[in-house]
Amino acid sequence: MHTDPMRCTRRHFLASSTLGVGSVALAWLLQQDRLLAESSRPELERRTFDLTPKPPHFAPRARAMISLFMQGGPSHIDLLDPKPQMAKYDGKPFPGTIKYDNAAQASSKVLASPWKFHKHGQCGTEVSELLPHLAGVVDDICVIRSMHTGVNNHGQSIYALNNGAILAGRPVLGSWIVYGLGAESQNLPAYVALTDPNGLPVIGVDNWSNGWLPSLYQGTVIRPQEPRIQNLDPPPHLKGPAQKRYLDYLATLNRAHLDSHPGELDLEARLSTYELAARMQTAAREALDLSGESEATKKLYGLDDPLTREYGTRCLLARRLVERGVRFVQVFTGNQTWDHHNAIRKALPAVCRRTDQPIAALIKDLKSRGLLDTTLVHWGGEMGRLPVIQNDAGPDRVGRDHNTYGFTMWLAGGGIKGGLVYGATDEFGHKAAVNPVSHHDYHATLLHLFGLDPKRLVYRYNGREQSLLDGQPGRVVQEILV
Amino acid sequence: MRRLPFLAVSLLFLAHTAALSAPPAKDEGLTFEKHVRPILKAYCLECHGEGEKLRGGLDLRLRRLIVQGGDSGPAIEPGRPADSLLHQRIDEGSMPPGKKKLSRDEVALIGRWISDGARTAGNEPKEIGTGFHITAQERAFWSFQPIRRPALPQVKRMDLVRAPIDAFLLARLEEKGLSFAPEADRATLIRRAAFDLLGLPPTPEEVSRFLADDRPGAYERLIDRLLDSPHYGERWGRHWLDVAGYADSDGASSQDPVRPWAYKYRDYVVRSFNADKPFDLFIQEQLAGDEMQGPGQDRDAAAVERLTATGFLRMAPDGTGINRGDAAAQNQVIAETLKIVSSSLLGLTLGCAQCHNHRYDPIPQSDYYRLRALFEPAYNPKDWRAPPQRLISLYTDADRARAAAIEVEAARIDQERLKKQEEYIDRTVSKELAKLPVEIRDTVRIARETPAAKQTPQQKQLLREHPSVNVSAGSLYLYDQKAADDLKSYADRAARVRATKPVEEFVMALTDGPGPAPPTHLFHRGNHDEPKGVVAPGGLTILEASLPLGVPQKAPSPATTGRRLALARWLTDPRNPLTARVLVNRFWLHHFGRGLVGTPADLGQLGERPTHPELLDWLADEFKAGGWRLKRLHRMMMTSTAYRQSARRDPSKEATDPDNRLLGRMPVRRLEAEALRDAMLAVSGRLNVRFFGKPVPVRLDEVGQVVVGIDTTDSAGRPTGKVIPLLGEEYRRSIYVQVRRSRTLAMAEAFDAPSLEPNCDRRNSSTVATQALLLMNNEFLLEQARAFAERVRQEAGAQPRAQVTRAWRLAYAAEPAPKDVEQAVQFLSEQARHFSSRPQEEALASFCQALLGSNRFLYVD
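Residues numbered from 1 in each chain as written. Chains lettered and ligands numbered in written order. Predicted model: local features only at pLDDT ≥ 70, side-chain atom pairs only at ≥ 80, totals over all residues. Heavy atoms only, no water.

Caption draft 1: Representation of empty space enclosed by the protein within the structure. Residue and element names in this part refer to chain B. Throughout the structure, instances matching the rule amount to 19 cavities of 30 Å³ or more. Reported here for the largest cavity is a volume of approximately 260 Å³. In terms of lining, the largest cavity is formed by 19 residues, of which the most central are Glu674, Val739, Thr744, Ala748 and Ala753. The leading source of residues in the lining of the largest cavity is helix α27 (residues 673-684), at 3 residues. Taken together, the residues of the lining of the largest cavity sort by class into 8 nonpolar, 4 polar and 7 charged. (1 Å grid on protein atoms, 1.4 Å probe; cavity = no way out; pocket = protein on both sides within 12 Å on 5 of 7 lines; lining within 4 Å. Points joined across faces, edges and corners; volume = space filled by probe spheres on them. Helix = DSSP H or I, 4+ residues; strand = E, 2+ residues; numbered from the N terminus. Nonpolar A, V, L, I, M, F, W, Y, C, P; charged D, E, K, R; others polar.)

Caption draft 2: Representation of helix α33 (residues 839-853) of chain B in the model. All names here are of chain B. In this model α33 runs 21 Å from its N-terminal to its C-terminal C-alpha over 15 residues, within 8% of the 21 Å that 1.5 Å per residue would give. In terms of residue burial, α33 counts as a mostly covered element, since 12 of its 15 residues are buried. If you check which residues of α33 are buried, you get Glu842, Ala843, Leu844, Ala845, Ser846, Phe847, Cys848, Gln849, Ala850, Leu851, Leu852 and Gly853. (Expected span 1.5 Å × (residues − 1). Buried < 20%, exposed > 50% of the residue type's maximum accessible area, 1.4 Å probe, protein only.)

Caption draft 3: Highlighting helix α3 (residues 154-163) of chain A. Residue and element names in this part refer to chain A. Judged by how many residues are buried, α3 sits mostly within the fold: 9 of 10 residues are covered. Listed as buried for α3 are His154, Gly155, Ser157, Ile158, Tyr159, Ala160, Leu161, Asn162 and Asn163. Here α3 starts with a cap whose side-chain oxygen sits 3.4 Å from the backbone nitrogen of Gly155, and that cap is Asn153. (Polar contact = N/O pair within 3.5 Å; in protein donor to acceptor, adjacent residues only side chain to side chain.)

Caption draft 4: Layout of the pattern of salt bridges. All names here are of chain A. All told, the structure shown has 100 salt bridges over all chains when counted by the stated rule. Here Arg63 makes a salt bridge to Glu184, at a shortest N to O gap of 2.9 Å. Highlighted residues: Arg63 in the segment before β1 (64-69) and Glu184 in the loop between α4 (173-181) and β6 (191-194), separated in sequence by 121 residues. Owing to a relative accessible area of 40%, Glu184 belongs among the partly exposed residues under this scheme. One salt bridge in this structure joins Asp305 and Arg353, with 2.8 Å as the shortest N-O distance. Of this pair, Asp305 sits in the loop between α7 (295-300) and α8 (306-323) while Arg353 sits in helix α9 (residues 344-368); the two residues are 48 residues apart in sequence, bridging distant segments of the chain. A residue is classified by how much of its surface remains accessible, and Asp305, at 17% relative accessible area, is buried. One network of salt bridges, in which partners are shared, links Glu286, Glu293, Arg319, Arg320, Glu323, Arg324, Asp365 and Arg369. (Salt bridge = Lys/Arg side-chain N within 4 Å of Asp/Glu carboxyl O.)

Don't take any of this as a statement about function, it's just geometry.
Shown next, in the form of structure tokens:
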């Protein structure tokens, strides 16, 4: 065993220009930092952590990813996995065994989808009438109807899809990807989480947790309201000229101090860190400023419509961030937005109405800018819904309970074959039946598209080499790749 | 994935030309001992001489054995590198096998040695035995030599020698035609000394008292006053906690369970420093406090203290609470503990000998296991105890009796609750049954009442069709919230009764036994799955002749083997050449910014050589002779001329000593994370100086940043927005903030707080933009700036000049120059224009923020 003299700081040195790890929310800001400390010993088992671009293990198809996370569990059988056979069972007992989350409101009566499905595009993928905009881009997306995680509650299933285990504490997919590949932007976070004004999703900040990877790889939250990025901007009353005047005065103090300490490079370097900080503020401000977008683009995302404006704004931001070199972007829906235990007939159309147009716009926009080829887009939640009724209290009040044994997500761009439907659930949409895809398969496939070998993307922690799959079988789903 | 045996992966072969053999001077001849053998040791000896098998019959341990050669004939032809098999093989890269090859420089050096005639420095030993062999060269290595007290060197400027250390430093400076820098002014000195000893800035009142004290010995009195402060133990205790790897959580797993009682060890450390406990005793208590307790003795306060001290050996990350029965996790706890012990006290990278003989230092693999055997009676792989099982209760017999009586009462309430619960469930089921068609009610009821194992398939189907009758204690609330609330009131009542039990406190201790000591095996390639021969407990072979580590053959008491006590006595034996050197080097580091040995955890071959070897030895001897008391040493170091120098660089010295290795001035040092946070709190007036006790909790805020606070996320991990007031606890000194391995306080991490895997032998001091942004925008900073401004207004009134002067004194412990005041007052008036509400107050807060973020505040001269 070899001790690294610098290991206890997890800050490591690359010749004279140094990149390191810093405070959680700001760790990404370090990539241009220079450190003046020196290593006095030969390098032993040095681990260097930074966000400069790294070569993948093999030629990648994707260079960035936008994950549209539909927290709560969208009802796949009402949106993307039509089950016309269910019509004849509607209101009758379900002929099989079902595991309920909420026994008190459970019913064994089948609820056939109240919405119609139609074939769309050249590929003829069937899409529910609730998603008219998505229907317009089906030729670009691959619908996976055979997802399963098999753990029947939100938290565990979100962990499964995020970090591969059903527990907290491990690094999430985005952290692994930026650990493996760094970022192409030098002034923006490598990994961004865009949160919803209606609150954080279930498992909260663990959704973008670096686990035991250095905090440099944690997702940086861009909040829907000011201050958008913590520590990057001051509270509103200190913004702008007030902060500038404060910085000028601080520089005066520091220059006077430096004058009485000639030759102290560290003091000099600190002056330049403030300049760097200012550059990062500018870059982030520019990325978040939508005023330069054309009216047509704004309209495309639904920014002119109060119902779609909020979600459309974040989808547009996701595109701008990816365009500027951000590697991984998560766009969350609010806490349990898709968790339709009750009143699904009213609630599901409402949330589709808010999100459908912006999502389809994102695909179109990425495509027209030539970004879709290298940008993976993911849509899906941590589960789907059961084919039976929950809360049998009249048509307006019925809902559906959790189902993690079979559900749907879709992928687009970044090396994914468009116009494809992959896998299938049983005739009631309860369990993945044909070509099932687990969260491990999903992770293996995504890493593969980024040119990363899941077995080689490892991090040494707790005396062994750890990975996203952590020894679990994960299959690259070749059938859905271009 | 197969779990890799611990460290098998780190068999990575690492070599460093520069460290292995110093580049030979032009006129110096190359010798086997000095230039060649270190390279062979690093790359070749594991298979050719020191390993279990001799590969190819070739032994490279001696020059004559190399000439003699192996199965393929002589390995070298002196004078003819091209004809030398050894040179050919390393040159073409076919040896050593594997990825790590000799560098071109190393190959060339061996080539030159051969062409120069392959000389040795002296006569080679006649007998060498088999396997690991320590050469005379290795025995002569500096850190293994006895500590001898050197005479004070002669210097020209005797008038500059205030303390013995000055003579050693000045002698070296004078050799280079240099001298000490002028003495720093008094304001600088008090700020430097206060941060060094207390980790807090001096108050303006303390500064003026010191400046006004014109009697002789004012500075010495200042040092004494600081050494008497109870904050001293917090500052120097924190240094020790770094090397001990102190944490309030287990680490080593994603769950990172909290260690609720670790703080008792932290408090023990703080108290020990404040009491100036002799360091030999301090070390003995930490390694063997349990074994110092005589058999049959009552556990009095002193015994509890000694037991608490063994928390030192419980600081390593420990994943065995989560991964119960996992041999690899257990093995790792022992390995990490050895790493902490060796880096903190031995100053050797003992861990490098876990898988194979040390590549650079004369430490055979068996030494690693001899030392490991000292700990195995306590960390027994055959009878492992998980972290909770190692907690020792401080309950007395009376406490126990009282608790049992209270438990009877609580259990009675539990019984009532269970009865009530049954009634509620029955009632709810009846209601649910009533909703079903009359004709099936009875059948469903009977099905439900039938135990699951006895239910017929029809009954099972029936229950599936009517899931709502499956009421349980857990789901009752979904049907009848009032009933659930009522049950909860019973549970609450029982909890309240239980809360009246005497508080049971624990200590995290390490103790031997029970049962006989297990045999310790050497692990092949460090793999715990491949045990080899049994190894007896003992110390380092290299010191065996001068200072054997004698382990009691017979256990001194049924409870302990006495092995760790033997180790503790061996380490603190005045003849031990390592311990005192390691310790004084660390003390030096914290006063002068850099150790006399730049690598405080490695006094071995790959570590740095001391810049002032005589001074190091003198200090080590002085420390021992003075009863291992640290305060005495502080006083001597801090009253020296060296320590009182100005930190200003002198251009005339830069060419000769650009890195200030000779200490011709004091270095400019940035405050460590804890000192910086504490200083901000002290200046803002918010600091809560309460000592000791349970750590102040940390939590993740809404974006995932670690801040001080009580976690109020709900069971699904979502923020609830609820804030539980900490009532001033949030402003306590950083040493009392919870050290959760997976959650380093963001503010502290940005300023290089250590990540404990397992400990930290030296802090880093970085300068990065993250810090700038924190100082500009972080909520903690803004809050302290507002509080600072409020304090200044209260203490100085509304007059800007008075405010500026007061703030300056508080932040910098110095008087502002007239120009400073002018600039600041101008800033206040200009900045006020930017605010529409409370402009004066906001401008003052902005000014205070600038002071807190300025280099003058962040650095100590």
